[in-house]
Amino acid sequence: MITRRDFFKGAGVAVGAAAVTRAGAASLPEAITMGKADTVVPPPPPNGRPYHPVVTLNGWSLPWRMNNNVKEFHLVAEPVVRELAPGMKAHLWGYNGQSPGPTIEVVEGDRVRIFVTNRLPEVTSVHWHGQRLPNGMDGVTGLTQPAIAPGKTFVYEFVARRPGTFMYHPHADEMTQMAMGMMGFWVTHPKDPSLHAVDRDFVFLLNAYDVEPGAYTPKTNTMLDFNLWTFNSRVFPGIDSMQVRQGDKVRIRVGNLTMTNHPIHIHGHEFEVTGTDGGWVPPTARWPEVTTDIAVGQMRAIEFVANEPGDWAFHCHKSHHTMNAMGHNVPNMIGVNHDDVADKISAVVPGYMVMGDKGGSMGGMQMPLPENTLPMMMGEGPYGSVEMGGMFTVVKVRKEQKKGDYSDPGWYKPPPGTRAYEWTGELPAPSRSDSAGGQSMPVKQKPEVEVTVRKPSDHSGHGKN
Ligand SMILES: [Cu+2]
């Protein structure tokens, strides 16, 4: 087990330019493991073609070793423990100690050799989603290769021909293995690092889990009713914010391996979809958006210039996807006076709570939670609870953020006079627009709809005419 601090040392050692001996060439590259769910900014590439590394939200990039001009990686499919947010851990399956697995970064034209060791209790394979490669390297169990049995290692080898945004996932017992968190990101950088260059390049996968409150292992036969909607197997406030400098050109690449689509939305800026898993979108085919729907199995690269300082929400726009577990079977008590009954019901119905009462009663969550369970909505902001969970994070745009500095600057401090404030003056009674004369539309009291019912003249009429 290699800690985060060791990762940098390990990266230097593992990917050092030292010549590989014949014995070394015949051996497996070291399997490097990550034990923390922090965002680990990868070091610049120590060898091979130059590129600008991406930053994987709450993830990391897999070091490689160079072997006779072949980039060699070692992926280990294995059970992992993933912290979804402080206060909750899940028993998942992933790669090299984490779910999702590490991001694999290569350069257009690289010959890549990936050793895949299976430490799961069942067969697996790895499919390299979106890649141009020899058919036998496509990783579809039964179709293009035999399954990788537990304890066995397979070797995949191909040239990364097309630059762009990709992912990897098993093509064996897919329903179970993806519901358990087996997936990872892949970026093939362009040979010319000045092409598609940006100042910040973030990546993450959308995934979802169904973990019963109090449990640790996801239910894998769930089809749609997942209760934890995650960015890289993390839920807000466990998802790191994206730090950018004011004026930075920012790219965020998102892949969707859940079972439903996600309209991903940014505040304060417009973006363009500049790439899909099929390649870069020609500039003439781009249009401005503030939300883009990412369907199952799709990837989208969005780009914008971060020129508005502040803490800008970035989230899935399906409101149930910005909540954590226990979002179901909550009665709507808006307009109902339940001052006396809530406590009594809580005594006999564990987990009972009320929606729409006095604002934000779900955020506060005064009910006791089972062990290893997150509140539905949480996350403290500078002005109180953000009342969000799930697929939600923040893009922090700061003038003073240094180039190359991904550290969290803390909460935005708006200049005086630029924040919504409470009105403390007089509140005159509202005047009704329909009684004040003026422009209101006349309302018809009764709809003039005439209904004529025609009965057939006799029951045997059908078929006789
Ligand atoms: Cu969503």
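These numbers come from a predicted model, not from an experiment. (Residues numbered from 1 in each chain as written. Predicted model: local features only at pLDDT ≥ 70, side-chain atom pairs only at ≥ 80, totals over all residues. Heavy atoms only, no water.)

> I tried to follow the overall build of the protein on my own but got confused; where do I start?
The secondary structure content of the protein amounts to five helices and 24 strands. In the protein, which comprises 465 residues, the proportion classed as buried is 48%. Taking as baseline every contact in the protein between residues at least 6 positions apart, the subset at least 24 positions apart corresponds to 74%. Element-wise, carbon and sulfur atoms account for 55% of the exposed surface of the protein, whose accessible area totals about 23,700 Å². (Helix = DSSP H or I, 4+ residues; strand = E, 2+ residues; numbered from the N terminus. Buried < 20%, exposed > 50% of the residue type's maximum accessible area, 1.4 Å probe, protein only. Contact = heavy atoms within 4.5 Å. Areas by Shrake-Rupley, 256 points an atom, 1.4 Å probe, with all protein chains shown as cover.)

> Would you explain empty space enclosed by the protein in this entry?
Vacant regions in the atomic arrangement are exposed by a probe of water-molecule size rolled over the atoms. Using the criterion set out here, one finds three cavities of 30 Å³ or more in the structure. In this structure, the largest cavity encloses a volume near 120 Å³. What lines the largest cavity is a set of 13 residues, and nearest its centre among them are His52, His189, Pro190, Leu195 and His196. Approximately 50 Å³ is the volume attributed to the second largest cavity. (1 Å grid on protein atoms, 1.4 Å probe; cavity = no way out; pocket = protein on both sides within 12 Å on 5 of 7 lines; lining within 4 Å. Points joined across faces, edges and corners; volume = space filled by probe spheres on them.)

> Sorry, what's going on with the coordination of the copper ion here?
Four donors placed tetrahedrally about a metal ideally form angles of 109.5 degrees, and six donors placed octahedrally ideally form angles of 90 or 180 degrees. Within the first shell, the copper ion binds the protein through His262 (ND1), Cys316 (SG) and His321 (ND1), at distances of 2.0 Å. Spacing between the donor residues of the copper ion along their common chain follows H-x53-C-x4-H. Taken as a pair, His262 in strand 15 (residues 262-266) and His321 in the loop between strand 21 (310-316) and helix 4 (341-348) lie far apart in primary sequence, 59 residues in all. His321 matches His262 in its accessibility class, with the two residues each being buried. (Donors = N, O, S within 2.8 Å, 3.2 Å for Na, K, Ca; no water.)

> What's the story with the confidence of the model for the protein in this structure? I'm lost.
Predicted coordinates in regions of low pLDDT should not be interpreted in detail. With 79% of its residues at a pLDDT of 70 or more, the protein has an overall mean of 85. In this model residues 1-25 is a low-confidence stretch, pLDDT under 50, and it forms 43 contacts with partners more than four residues away in sequence or in other chains. Here residues 459-465 scores under 50 on pLDDT; set against residues more than four positions off or in separate chains, the count is zero contacts. (pLDDT = per-residue confidence, 0-100.)

> What is the right way to look at the side chain of Thr117 in this model?
With respect to the helices and strands, Thr117 occurs in strand 6 (residues 111-118). A polar side-chain atom of Thr117 sits 2.8 Å from a polar atom in the side chain of Thr153. Beyond its immediate stretch of four places on either side in the chain, Thr117 contacts His74, Leu75, Val76, Ala77, Lys152 and Thr153. (Polar contact = N/O pair within 3.5 Å; in protein donor to acceptor, adjacent residues only side chain to side chain.)

> Mind showing me how you'd approach the sheet that holds strand 21 here?
Two pairing modes exist for strands in a sheet, parallel and antiparallel, and in both the strands are linked by backbone hydrogen bonds. Reading across the sheet, the five strands line up as 13-24-21-15-19 and stay open at both edges, with mixed pairing between neighbours. For this open sheet the edge positions go to strand 13 (242-245) and strand 19 (291-294), each flanked by a neighbour on one side alone. In this sheet, neighbouring strand axes are inclined to one another by 20° on average, regardless of whether the strands run parallel or antiparallel. Summarising the sheet, strand 15 and strand 21 pair through three bridges and their orientation is antiparallel. (Pairing = 2+ DSSP bridges. Axes fitted to C-alpha atoms, helices over the stretch in contact; angles between N-to-C directions.)

> How should the packing of aromatic side chains be read in this particular structure?
Centre distance and the angle of the planes are the two values used to describe a pair of aromatic rings. Applying the stated criterion across every chain yields a total of 14 aromatic pairs. Taking the centre distance of 5.3 Å and the plane angle of 70° together, the rings of Tyr95 and Tyr168 count as edge-to-face. Within this pair, whereas Tyr95 is found in strand 4 (residues 88-95), its partner Tyr168 is found in strand 9 (residues 164-169), the two being separated by 73 residues in sequence. Arranged with centres 6.5 Å apart and planes meeting at 70°, the rings of Phe231 and Phe314 form a pair that is edge-to-face. Residue Phe231 is located in strand 12 (residues 228-231), and its partner Phe314 is located in strand 21; the two are separated by 83 residues in the primary sequence. Judged by relative accessible area, Phe314 falls into the buried class, the value being 0%. We note Lys71 situated over the ring of Trp64; from NZ or CZ to the ring centre the distance is 4.5 Å. A cation sits over an aromatic face here: Arg200 above Tyr406, 4.0 Å from the ring centre. (Phe/Tyr/Trp six-rings, centres within 6.5 Å; stacked < 30°, edge-to-face > 60°. Lys NZ or Arg CZ within 6 Å of the ring centre and 35° of its normal.)

> How do you make sense of unusual backbone geometry when you look at a structure like this?
The residue after Ser99, namely Pro100, is reached through a cis peptide bond having omega -5°. Mapped onto the elements of the fold, Pro100 is located in the loop between strand 4 and strand 5 (104-107). Of note, the bond from Phe236 into Pro237 is cis; its omega dihedral lies within 30 degrees of zero at 5°. Here Pro237 shows up in the loop between strand 12 and strand 13. One non-glycine residue with positive phi stands out, namely Asp173, at about 40°. Along the chain, Asp173 falls in the loop between strand 9 and helix 3 (174-179). Notably, His196 is not glycine yet its phi reads approximately 55°, a positive angle. Assignment of secondary structure puts His196 in the loop between strand 10 (184-189) and strand 11 (200-209).

> Even after reading the chapter, I still don't get the nonpolar core, so can you show me in this structure?
Generally speaking, nonpolar side chains in soluble globular proteins are found buried as a group. Grouped together as the largest cluster of nonpolar side chains are 32 residues, with contacts concentrated most on Phe73, Leu75, Ile104, Ile114, Val116, Trp128 and Trp186. Broken down by secondary-structure element, the contributors of at least two residues to this core are strand 3 (70-85), strand 4, strand 5, strand 6, strand 8 (153-159) and strand 9. Apart from residues lying up to four places away in sequence, Val116 is in contact with Leu75, Val126, Trp128, Ile148, Lys152, Thr153, Phe154 and Tyr156. One finds Val55, Leu206, Phe314 and Cys316 within the second-largest nonpolar core, a separate group that totals 28 residues. (Core = buried A, V, L, I, M, F, W, Y, C linked by side-chain atoms within 4.5 Å.)

> I'm lost on the pairing of strand 11 in this one. Help?
Regular strands show a simple pattern: their side chains alternate between the two faces of the sheet. Of all ten residues that make up strand 11, ten are buried, and the element is covered over most of its length. The side-chain alternation of strand 11 yields two buried faces, one formed by Arg200, Phe202, Phe204, Leu206 and Ala208 and the other by Asp201, Val203, Leu205, Asn207 and Tyr209. Two elements, strand 1 (residues 55-56) and strand 11, share two bridges in a ladder whose sense is parallel. Bridging across to strand 11, Thr56 finds its partner in Val203. Relative to strand 14 (residues 248-256), strand 11 runs parallel, the two being bridged by seven bridges. Bridge pairing in strand 14 links Asp201 to Arg251. Pairing between strand 11 and strand 12: four bridges, direction antiparallel. Looking across to strand 12, one finds that Tyr209 is bridged to Leu228.

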